[in-house]
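# Fold and geometry: a report
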Amino acid sequence: KITKAEIPQSHLRWFWNCVESFTEEQKQALLMFAWGCKRLPTPGVDTKFTIENEYDSMPQDSLPRAHTCYFTIDMPKYSSPEVMRKR
């Protein structure tokens, strides 16, 4: 789910390509960061992972922010997939 102004498709591809390249341990760390747990929510729980466009409020060199209660990541506008992966 994407909210606020639409995130460019290229940035979404960068994000998911990055996640796909993660080890299982890195994927669990991402879940811990975004959800506060190493496992996905129980099936049937009405919780969706959300990426919020925070291009205007976060400098490009910022780290993403997570809101674990809402399973949401605020994503700055990164200049390249390499920069996104480092952050």
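Residues numbered from 1 in each chain as written. Predicted model: local features only at pLDDT ≥ 70, side-chain atom pairs only at ≥ 80, totals over all residues. Heavy atoms only, no water.

On to the confidence of the model for the chain, then. Mean pLDDT over the chain: 84, with 93% of residues reaching 70 or higher. In the model of the chain, strand β1 (residues 2-3) stands out as the element of lowest mean pLDDT, 50, in contrast to helix α2 (residues 24-35), which has the highest, 93. (pLDDT = per-residue confidence, 0-100. Helix = DSSP H or I, 4+ residues; strand = E, 2+ residues; numbered from the N terminus.)

Below, the discussion takes up the packing of helix α1 (residues 9-21) against α2. Packed helix pairs are specified by the crossing angle of their axes together with the interaxial distance, meaning the distance between the axes. Following both chains from N to C, one finds α1 and α2 inclined at 130 degrees, their axes separated by 8 Å at the closest point. Accordingly, the angle class assigned to the pair α1 and α2 is oblique. Between α1 and α2, the residues in contact are Phe15, Val19, Glu20 and Ser21 and Gln26, Lys27 and Leu30, respectively. In the contact of α1 with α2, the residues fall into three nonpolar, two polar and two charged. (Axes fitted to C-alpha atoms, helices over the stretch in contact; angles between N-to-C directions. Parallel < 35°, antiparallel > 145°, perpendicular 65-115°, else oblique. Contact = heavy atoms within 4.5 Å. Nonpolar A, V, L, I, M, F, W, Y, C, P; charged D, E, K, R; others polar.)

A full pass over the atoms with the stated rule returns two salt bridges. Measuring nitrogen to oxygen at the nearest pair gives 3.8 Å for the salt bridge that ties glutamate 24 to lysine 27. Residue glutamate 24 and its partner lysine 27 are both found in helix α2; the two are separated by three residues, about one turn of the helix. Under the relative-accessibility criterion, glutamate 24 is labelled exposed at 55%. Across the pair aspartate 74 and arginine 65 runs a salt bridge whose closest N-O atoms are separated by 3.3 Å. Note on arginine 65: relative accessible area 38%, which makes it partly exposed. (Salt bridge = Lys/Arg side-chain N within 4 Å of Asp/Glu carboxyl O. Buried < 20%, exposed > 50% of the residue type's maximum accessible area, 1.4 Å probe, protein only.)

This part covers the environment of serine 57. Within the fold, serine 57 resides in the loop between β2 (50-53) and β3 (65-67). Sequence separation between serine 57 and cysteine 69 is 12 residues; the distance between their C-alpha atoms is 21 Å.

Below, the discussion takes up α2. Helix length check: α2, at 12 residues, gives a terminal C-alpha distance of 16 Å against a target of 16 Å (1.5 Å per residue), a fit within 8%. For α2, every residue scored as buried is listed here: Leu30, Leu31 and Ala34. Across the axial projection of α2, the buried residues extend over an arc of 100 degrees, all falling on one side. The secondary structure elements touched by the buried residues of α2 are α1, β3 and β4 (72-75). Looking one or two places after α2, you find glycine 36, whose phi comes out positive at around 85 degrees. (Expected span 1.5 Å × (residues − 1). Arc of directions from axis to C-beta.)

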